[in-house]
Amino acid sequence: MEHFHSLHKASNPPTEGTIIIVDISGFTQLVYNTDLIAGRDILSKLLSSITEMNQLGLHISEIEGDAILYYKFGSPPSYTSVLKQFQLMRNNFADNVKKINKKLASTLNLSLKMIVHYGQITQYHIADFKKLYGKTVLESHLLLKNEVKSHSYVLMTNDFLNNTTFSNTDHLIENEHCEVLRGVKRLCYRFFDFSSEIGLAS
């Protein structure tokens, strides 16, 4: 018990924070329709097109295959700034997909989605790596498998929306859904569909 108590004292205490996961839809197609080296180079370029548009000062916790896990401690950004952040990332991503498709014999049908959640998170260290821990992190990952039919959207949980700030565009909030994640936690969210917007990779 004394050993675990000392570990607890040495780690970062829990705090409130925002978790944002940006995920590439169509990643399986990319892996199977390109050779190993070309696929690696394409994925690297597409992930870079997302990270270079980070306007919210988000920190990268991990890059997990086709997804980037961002976090930010403290009060959450406004929901309008999150939507603008997604638009910047999505548009730059779509531009790069179009350039890549011009060089390929086949067309990659790729798009972006974003999960936004808020709650208690903490960090721990392994070697030179900082890892996030907490129910908020787990729930964000589980929300990647949701009931939203669109292939390009921003999903914001009520936990995030209840703690963020709004402008006079409150009417944009729609489509409330609630799901029980793995039979453990019931989470409600709203999503913003970007699948019909100009500039989406097709």
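Residues numbered from 1 in each chain as written. Predicted model: local features only at pLDDT ≥ 70, side-chain atom pairs only at ≥ 80, totals over all residues. Heavy atoms only, no water.

**Student:** What am I meant to see in a positive patch on the surface here?
**Tutor:** Where like charges cluster on the molecular surface, the positive patch consists of Lys45, Lys98, Lys99, Lys102 and Lys103. Note that Lys103 resides in helix α4 (residues 79-103). (Patch = residues over 30% accessible without salt bridge, like charges linked within 9 Å, V, L, I, M, F, W, Y side chains within 5 Å. Areas by Shrake-Rupley, 256 points an atom, 1.4 Å probe, with all protein chains shown as cover. Salt bridge = Lys/Arg side-chain N within 4 Å of Asp/Glu carboxyl O. Lys, Arg positive; Asp, Glu negative; His and termini not counted. Charge placed at Lys NZ, Arg CZ, Asp CG, Glu CD. Helix = DSSP H or I, 4+ residues; strand = E, 2+ residues; numbered from the N terminus.)

**Student:** Where do I start with helix α3 (residues 36-51) in this structure?
**Tutor:** Each α-helix winds once per 3.6 residues, and so residues spaced three or four apart point in a common direction. For α3, which comprises 16 residues, the first-to-last C-alpha distance of 22 Å matches the rise-based estimate of 22 Å (1.5 Å per residue) to within 8%. Taken as a whole, α3 has its buried residues at Gly39, Ile42, Leu43, Leu46, Leu47, Ser49 and Ile50. On an axial view of α3, the arc spanned by its buried residues comes to 150°, and they lie on one face. The inward-facing, buried residues of α3 abut β1 (15-25), α2 (27-33), β2 (59-64), β3 (67-73), α4 and β4 (111-126). The N-capping residue of α3, defined by a side-chain oxygen 3.1 Å from the backbone nitrogen of Ile37, is Asp35. (Expected span 1.5 Å × (residues − 1). Buried < 20%, exposed > 50% of the residue type's maximum accessible area, 1.4 Å probe, protein only. Arc of directions from axis to C-beta. Contact = heavy atoms within 4.5 Å. Polar contact = N/O pair within 3.5 Å; in protein donor to acceptor, adjacent residues only side chain to side chain.)

**Student:** How should I be thinking about the confidence of the model for the chain in this particular structure?
**Tutor:** Predicted coordinates in areas of low pLDDT are best not read in detail. Model confidence for the chain is summarised by a mean pLDDT of 86, while 87% of its residues fall at 70 or above. With pLDDT under 50 throughout, residues 4-10 is counted as low confidence; its partners more than four residues away or in other chains account for 0 contacts. Confidence over residues 198-202 falls short of pLDDT 50; this stretch has 20 contacts with residues more than four positions distant or in other chains. (pLDDT = per-residue confidence, 0-100.)

**Student:** Which parts of the structure should I look at to understand the pairing of β1?
**Tutor:** Sheet faces and side chains relate simply in a regular strand, where the side chains alternate between the two faces. For β1, the tally of buried residues reaches 9 of 11 residues, placing the bulk of the element in the interior. Across 11 bridges, β1 lies against β4 in antiparallel orientation. The residue bridging Ser25 from the neighbouring strand is Ser111, located in β4. Note: β1 against β3, 7 bridges, orientation antiparallel. Counted as the bridge partner of Gly17 is Phe73 from β3. (Pairing = 2+ DSSP bridges.)

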